[in-house]
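# Observations on the model geometry
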Amino acid sequence: VSKRSDGGQCLRQVITRRGIEWCGDSTPVTILGSLSWRDYEVSCDVCFDFKQTVRLYGHVVSIPSGKKPPTGYSVCLNIDGAWQLLAGEKQILAGTLAIAPGEWHRVGLRFKGDQITVLLDGKGAGTVTDSTYRRGLAGLGSNFEQVKFDNLSIDGSVPVPVPSLAPVKVTSSSNWSDEYTADKA
């Protein structure tokens, strides 16, 4: 959590370099929601301080291991104002937005059937028809840079999963030993 210049608080990506790679980790992402989400709008305020990139994800169907981004749609916005909408790794829409360092901008994606609209500062920046991903999760992402995020919202027909009422049997086991040491792990 970081302080905003207006006295409020926001989330800030603080990891500025790749750490130990466990599975060929990709850039930092936060994914949330349900794979059943269809028609919805995801939006978030973002702030750049210097050369940075932010990503807003929607209709994410998987998060691959390795250095590949989440599989779904993403709008990528750079500090120079260039933005692009990707379906997986394929660009399907692009444009520009006037940006100055330290300013907050609202980035959004609206999904309605096969129509996807990129929203920048509350206005439609472009709409495309694409059916590559028909439903899925939402998320935020950046490179290893200190981008700030605030006021994430997800609105629309977002179904709430109904938990199973059937009893579930859970088991667990472990072995303990006084002889355990880290070199035996």
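For the structure, see preceding data.
A brief structural summary. (Residues numbered from 1 in each chain as written. Predicted model: local features only at pLDDT ≥ 70, side-chain atom pairs only at ≥ 80, totals over all residues. Heavy atoms only, no water.)

This brings us to the environment of V107. Mapped onto the elements, V107 comes out in strand β9 (residues 104-112). Judged by relative accessible area, which is 3%, V107 ranks as buried. On a C-alpha basis, the gap between V107 and K123 in space is 9.4 Å, while along the polypeptide they are 16 residues apart. With near-sequence residues (within four places) excluded, V107 lies in contact with V42, S43, C44, V46, L56, V75, L77, L119 and L120. (Helix = DSSP H or I, 4+ residues; strand = E, 2+ residues; numbered from the N terminus. Buried < 20%, exposed > 50% of the residue type's maximum accessible area, 1.4 Å probe, protein only. Contact = heavy atoms within 4.5 Å.)

We now examine the nonpolar core. Counting 31 residues, the largest nonpolar core has Y73, V75, L77, W83, L85, L109 and V118 as the members making the most contacts within it. For this core, the secondary structure elements donating two or more residues are β4 (40-47), β5 (53-62), β6 (71-78), β7 (82-87), β8 (90-96), β9, β10 (115-120) and β12 (137-142). If one sorts the elements of this core by residue count, β4 sits on top with 4 residues. (Core = buried A, V, L, I, M, F, W, Y, C linked by side-chain atoms within 4.5 Å.)

Turning our attention to the layout of surface pockets. A volume near 230 Å³ is recorded for the largest pocket. Along its surface, the largest pocket is lined by 14 residues, and L11, Q13, T30, L140 and F149 are the ones closest to its centre. Only β2 (9-12), β3 (29-32), β12 and β13 (148-156) provide two or more residues apiece to the lining of the largest pocket. With 4 residues, β13 is the single largest residue contributor to the lining of the largest pocket. By residue class, the composition of the lining of the largest pocket is 7 nonpolar, 5 polar and 2 charged. (1 Å grid on protein atoms, 1.4 Å probe; cavity = no way out; pocket = protein on both sides within 12 Å on 5 of 7 lines; lining within 4 Å. Points joined across faces, edges and corners; volume = space filled by probe spheres on them. Nonpolar A, V, L, I, M, F, W, Y, C, P; charged D, E, K, R; others polar.)

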